[in-house]
Amino acid sequence: MQGRHLPPDDPRETPAAGPPARPPSGPVAGAVLGSEGDAAPGGAAPGGAAPGGAAKQRLRARLLAQRRTSLALCHEPWSPADTAVLATRILQIPEVADARCVAAYVGLPGEPDLADLLARLLARGTRVLLPVVRADLDLDFREYAGTLIPGALGTREPPAAAPRGDLSAADAVIIPALAVDRAGRRLGRGGGSYDRALRRVGPDVPVIAVLYDQELLDLVPTEEHDRSVKIVVTPSRTLRCEPTDGTREHPRPSTS
């Protein structure tokens, strides 16, 4: 693991490649934090933000601090076995297994490592789309053929010559998250890029969030514009979110 910190909180929510680290286990806890990690007196909304937005800012600050701490403490990237287990777990989701086109992402440092998943999708002949941020903070997608180039703020993306892809063509969409609850409410990095992009995804297309076990929470605060996910994948579990705020667990990946 390289001893570098996460980029500044990126309003674009755009993921980047980098050796991931496992955040420390245990529940998310601590003092009430403002948007910059400073104590917000009485839990007041920083900058006059709406109550839902203030709650999201405090939770986001705690989760980002937790991931930064893990990067500072961890010196080894995910092992090949770890990345293979995560890839197998995602590939065993029926909608991914049957997909002709999958939209995915390349993770930021500290996020679960999807490198093996991307390689195995390509080996299967699945068309893979990866995000590229636009000037208006929405996301475009390009086809991934195994080559990545540096993007803005440390991100990595397919080269400009790669064919553009339409997110609405994806049979499954895999996205990053800082937290998700059992009803599928998702917390991202704050820029709303995926909330914008997911408007182009049909209601029957599964949106799959990948995060750590301790980032699956009982309740994630939301605002009207926030987009939910249908499936949550962690290093040890696959959960299908239910409209009754429950979850249904998928079988464990086969070891054969």
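Fair warning: this is a prediction, and the values are worked out from it, not measured in the lab.

### Some words on the confidence of the model for the chain
- Within the chain, residue pLDDT values average 76, and 70% of them lie at 70 or more.
- Throughout residues 1-50 the model reports pLDDT below 50, and contacts reaching past four residues in sequence, or to other chains, amount to 142 contacts.

### Considering the environment of A55
- Here A55 is to be found in helix 1 (residues 51-73).
- Taking C-alpha positions, A55 is 8.5 Å from T222, a pair spaced 167 residues apart along the chain.

### Considering helix 2 (residues 80-91)
- The end-to-end C-alpha separation of helix 2 is 16 Å, in line with the 16 Å expected for 12 residues at 1.5 Å each.
- Every buried residue of helix 2 is listed here: T83, L86, A87, T88, R89, I90 and L91.
- On the buried face of helix 2, the contacting elements are helix 3 (94-97), helix 4 (115-123), strand 7 (172-176), strand 10 (207-210), strand 12 (231-233) and strand 13 (238-241).

### Remarks on the nonpolar core
- Counting residues in hydrophobic clusters, the biggest one holds 52 residues, and the most contacted among them are I90, V173 and I174.
- With residues near it in sequence (within four places) discarded, I90 still touches V96, L114, L117, I174, V210 and V233.
- Listed in part, the 8 residues of the second largest apolar core include L59, L178, A179 and V220.

### Focus on the pattern of salt bridges
- One pass over the structure, following the stated rule, counts 10 salt bridges.
- The shortest N-O distance in the salt bridge between R134 and D136 comes to 2.8 Å.
- Residue E157 pairs with R142 through a salt bridge whose shortest N-O separation is 3.7 Å. Of this pair, E157 sits in strand 5 (residues 156-157) while R142 is found in strand 3 (residues 139-143), placing the two residues 15 residues apart along the sequence. For the pair E157 and R142, one class covers both residues: buried.
- Among the ionic contacts, a cluster of salt bridges with common partners joins R134, D136, D138, D140, R164 and R200.

### Some thoughts on the sheet that holds strand 9 (residues 186-187)
- As summarised here, the arrangement of the 3 strands in space is 9-8-11, forming an open sheet in which the pairing is mixed. Of all the strands in the sheet, the pair left with one neighbour each is strand 9 and strand 11 (216-217).
- Taken together, the 2 bridges between strand 8 (residues 179-181) and strand 11 define a ladder with parallel strand orientation. Opposite D181, over in strand 11, you have L217 as the bridge partner.

### What to know about the environment of R89
- Its place among the elements puts R89 in helix 2.
- Distance in space between the C-alpha atoms of R89 and L117 is 9.5 Å, their sequence separation being 28 residues.

### Observations regarding the packing of helix 2 against helix 4
- At their nearest, the axes of helix 2 and helix 4 sit 7 Å apart, and the two run at 55° to each other. By the angle class used here, helix 2 and helix 4 are oblique. Our pair here, helix 2 against helix 4, has a crossing hand that is right-handed. Each of T83, A84, A87, T88, I90 and L91 in helix 2 lies in contact with helix 4, whose residues at this interface are D116, L117, R120 and L121.
- Each residue belonging to the contact of helix 2 with helix 4 can be placed in one class, and the counts come to 6 nonpolar, 2 polar and 2 charged.

Thresholds applied
- Residues numbered from 1 in each chain as written.
- Predicted model: local features only at pLDDT ≥ 70, side-chain atom pairs only at ≥ 80, totals over all residues.
- Heavy atoms only, no water.
- pLDDT = per-residue confidence, 0-100.
- Contact = heavy atoms within 4.5 Å.
- Helix = DSSP H or I, 4+ residues; strand = E, 2+ residues; numbered from the N terminus.
- Expected span 1.5 Å × (residues − 1).
- Buried < 20%, exposed > 50% of the residue type's maximum accessible area, 1.4 Å probe, protein only.
- Core = buried A, V, L, I, M, F, W, Y, C linked by side-chain atoms within 4.5 Å.
- Salt bridge = Lys/Arg side-chain N within 4 Å of Asp/Glu carboxyl O.
- Pairing = 2+ DSSP bridges.
- Axes fitted to C-alpha atoms, helices over the stretch in contact; angles between N-to-C directions.
- Parallel < 35°, antiparallel > 145°, perpendicular 65-115°, else oblique.
- Left-handed = near helix turned anticlockwise from the far one by under 90°.
- Nonpolar A, V, L, I, M, F, W, Y, C, P; charged D, E, K, R; others polar.

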